[in-house]
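Single-letter residue listing:
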Amino acid sequence: MAVAQHCFSKPPSKKKSETSMAGSAAPITSSLAKLQSLNGLFAIYKKQGPTSADVLNTLKETLLKEAGVKNANPRKRKKQSLKLGHGGTLDSAASGVLVVGVGTGTKTLSTMLAGSKKYVAVGELGKATDTLDATGKVTLEKDFDHITRVDMEEKLKSFTGDIMQVPPLYSALKKDGQRLSVLLKQGHKVEAKPARPVTVYNLTLQEFKPPLFTLDIECGGGFYVRSLVDDLGKALSSCAHVKTLVRTKQGQFTLEEHALPEEKWTLEHIVCSMQPCSVSEQSTKPSDQPAEKTSDQPAEKPSDQPAEKISDQPAEKMSDQPVEELSEEPSEKNSVNHVENKT
């Protein structure tokens, strides 16, 4: 489904501050009014490093500043002047497509992004880590000289289709309201979540240069790329972890065609790339939306991540979906609402 391009003509220039809301510190400018009138979905590029929530806060702060709002606090949940949410957590160590909903578009994230997701993952044989990616501590080293390209391609067949997968311990999945990753960092003992059904539509080996190998993955919600690479290493009588992860597609949004780089996080560029909500979608309540199966985001099927409501309500557990892209984000709960995905 192609993303509609909507570039609106600029309205007649008005005085920067036309109206002030009673009790509001920020005057309503024409730019802010236009920003607040947006309802739809668009995609941005998330770089490696920050969490998906941090990226969303940066986007929100950037847009509010452009609209003339001073001292904007993007983490403020109540009386928000701009409503944003993202449709699937991408792990802090991962990069790529992050779909964003604005206005009533936040209510459609779970249904609009229920399609497949695509990733390109680089794995490293011979080393296992506690987080299953390059950010963790090495917990095991094993020989991998016996592994050939043919061996790996043959094993990949068993990870294609409808399979069962155990999500990573370091994930945004929750126990008693707390993310597992946070509990682990606090020194608590955490038991692995039970295996759950996930779907892999396509899985191919793009490059094999031991100890590195590159996988092209197309999967459904709740799937964890980190778990896949870890399981693959074990299946080959060795071990492995994810070295880099890039989400190249989420729903109808692709990295090459739709993801706006940070320098284009402006009202003008967002308006031109946004897929607006239909009247029926705008009138649909978040509660009426089926949870997205999905990781960062890493959801889900790794999307075993608990999905958060896009509205300003406290987060609800998303049915069995992992959050993540590289799978899940070990970050703490952010004030910005989002539906979490896994990877």
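The numbering scheme is per chain: residues are counted from 1 as the chain's sequence reads. In view of the model being predicted, local features appear only for residues whose pLDDT reaches at least 70, and side-chain atom pairs are presented and counted only at 80 or more, with totals across whole chains, interfaces and linings using the full set of residues. Only hydrogens and water are removed before side-chain values are computed, so all heavy atoms of the structure are retained for them.

Asker: Got a sec to walk through the overall build of the protein? Specific residues and values, please.
Answerer: Secondary structure elements are taken from DSSP: a helix is a run of H or I of four residues or more, a strand is a run of E of two residues or more, and numbering for both begins at the N terminus. Of regular secondary structure, the protein possesses 8 helices and 15 strands. In the protein, buried positions account for 53% of the 343 residues. The accessible surface values rely on the Shrake-Rupley method and a 1.4 Å probe; as for residues, cover is taken only from the protein chains in view. Of the accessible surface of the protein, which amounts to about 15300 Å², a share of 51% is contributed by carbon and sulfur atoms. Here's how the labels work: a residue is buried when its accessible area is under 20% of the maximum for its type, exposed when over 50%, partly exposed in between, all with a 1.4 Å probe on protein chains only.

Asker: Pulling in residues and values, what's your account of the pairing of strand β12 (residues 240-250)?
Answerer: Sheet topology places strand β3 (residues 95-102) next to β12; 2 bridges connect them, and they run parallel. Along β12, the bridge assignment pairs Ser-95 with Val-246. Note that strand β4 (residues 117-125) and β12 share 9 bridges and pair antiparallel. Paired with Ala-121 across the bridge in β12 is Leu-245. Strand pairing is assigned whenever DSSP detects at least two bridges linking the two strands. As paired elements, β12 and strand β13 (residues 253-254) share 2 bridges and run antiparallel to each other. Along β13, the bridge assignment pairs Lys-249 with Thr-254. Count of turn residues in the β12/β13 antiparallel hairpin: 2 residues, of which Gly-251 carries a positive phi of about 60°.

Asker: Any details on the pattern of salt bridges? Residues and values, ideally.
Answerer: Here a salt bridge means any side-chain nitrogen of Lys or Arg lying within 4 Å of a carboxyl oxygen belonging to Asp or Glu. Applying the stated criterion across every chain, the model contains 7 salt bridges. Note that Glu-61 is salt-bridged to Lys-65, the shortest N-O span being 3.7 Å. In this pair, Glu-61 and Lys-65 are both assigned in helix α2 (residues 52-66), 4 residues apart and thus about one turn of the helix distant. A relative accessible area of 29% places Glu-61 in the partly exposed class. Since its relative accessible area comes to 54%, Lys-65 is described here as exposed.

Asker: Explain the nonpolar core residue by residue, including any values.
Answerer: Remark: nonpolar core denotes a set of buried residues (Ala, Val, Leu, Ile, Met, Phe, Trp, Tyr, Cys) joined through side-chain atoms within 4.5 Å. Membership of the largest hydrophobic core comes to 28 residues, with the highest contact counts inside it found for Met-152, Phe-213, Leu-215, Ile-217, Phe-223 and Val-225. Elements that contribute at least two residues to this core include exactly β4, α4 (149-156), β10 (196-209), β11 (212-219), α6 (225-235) and β12. For this core, the leading source of residues is β10, giving 5 residues. Setting aside chain neighbours within four positions, we find Met-152 in contact with Leu-125, Leu-205, Phe-208, Phe-213, Leu-232 and Leu-236. In this analysis, two residues are considered to be in contact whenever any of their non-hydrogen atoms come within 4.5 Å of each other.

Asker: Which residues make up the pairing of β11, and what are the values?
Answerer: The sheet contact formed by β4 and β11 spans 8 bridges and is antiparallel. Each residue of the ladder has a partner; that of Ala-121, found in β11, is Leu-215. Bridging between β10 and β11 involves 8 bridges; their strand directions are antiparallel. In the sheet register, Phe-208 faces β11, and the bridge partner there is Phe-213. Between the antiparallel neighbours β10 and β11 lie 2 residues.

Asker: Describe the confidence of the model for the protein, naming the residues involved and giving the relevant values.
Answerer: pLDDT is a residue-level measure of predictor confidence that goes from 0 to 100. Per-residue pLDDT for the protein has a mean of 76; in total, 62% of the residues score no lower than 70. Here residues 1-26 is a poorly scored stretch, pLDDT under 50, and it has 39 contacts once near neighbours within four places are set aside; other chains count. Considering only residues more than four positions removed or in separate chains, one finds that residues 284-341, a stretch of pLDDT under 50, has 372 contacts.

Asker: Break down the side chain of Thr-214 for me, citing the residues and quoting the values.
Answerer: Relative to the helices and strands, Thr-214 resides in strand β11. Every residue in contact with Thr-214, bar those within four places of it in the chain, is listed here: Val-120, Ala-121, Val-122, Thr-204, Leu-205, Gln-206 and Glu-207.

Asker: So what's going on with the environment of Ser-37? Residues and values would help.
Answerer: With respect to the element layout, Ser-37 can be found in the loop between α1 (30-36) and β1 (40-46). The exposure class assigned to Ser-37 is partly exposed, which follows from its relative accessible area of 45%. Taking the C-alpha atoms as reference points, Ser-37 and Thr-104, 67 residues apart in sequence, are found 9.6 Å from one another. The definition of a polar contact used here is a pair of N or O atoms within 3.5 Å, where within protein one atom must be able to donate a hydrogen and the other to accept one, and adjacent residues in sequence count solely through side-chain atom pairs. Within the structure, the side chain of Ser-37 is placed 2.6 Å from the backbone oxygen of Lys-34, a separation counted as a polar contact.

Asker: Tell me about unusual backbone geometry, and name the residues and values.
Answerer: The omega torsion across Pro-210 and Pro-211 is 10°, close enough to zero to call that bond cis. Relative to the helices and strands, Pro-211 is located in the loop between β10 and β11. The backbone of Leu-132 sits at a positive phi, close to 70°, despite the residue not being glycine. Here Leu-132 lies in the loop between β5 (127-129) and β6 (138-141). Of the residues examined, Leu-132 reaches a relative accessible area of 13% and is grouped as buried. Backbone geometry places Ser-237, a non-glycine residue, at a positive phi of 60°. Structurally, Ser-237 is set in the loop between α6 and β12.

Asker: Please provide a residue-by-residue account of the environment of Gly-220, values included.
Answerer: You can see Gly-220 is positioned in the loop between β11 and α6. Remark: the alpha-carbon pair of Gly-220 and Lys-118, spanning 102 residues in sequence, is separated by 8.9 Å.

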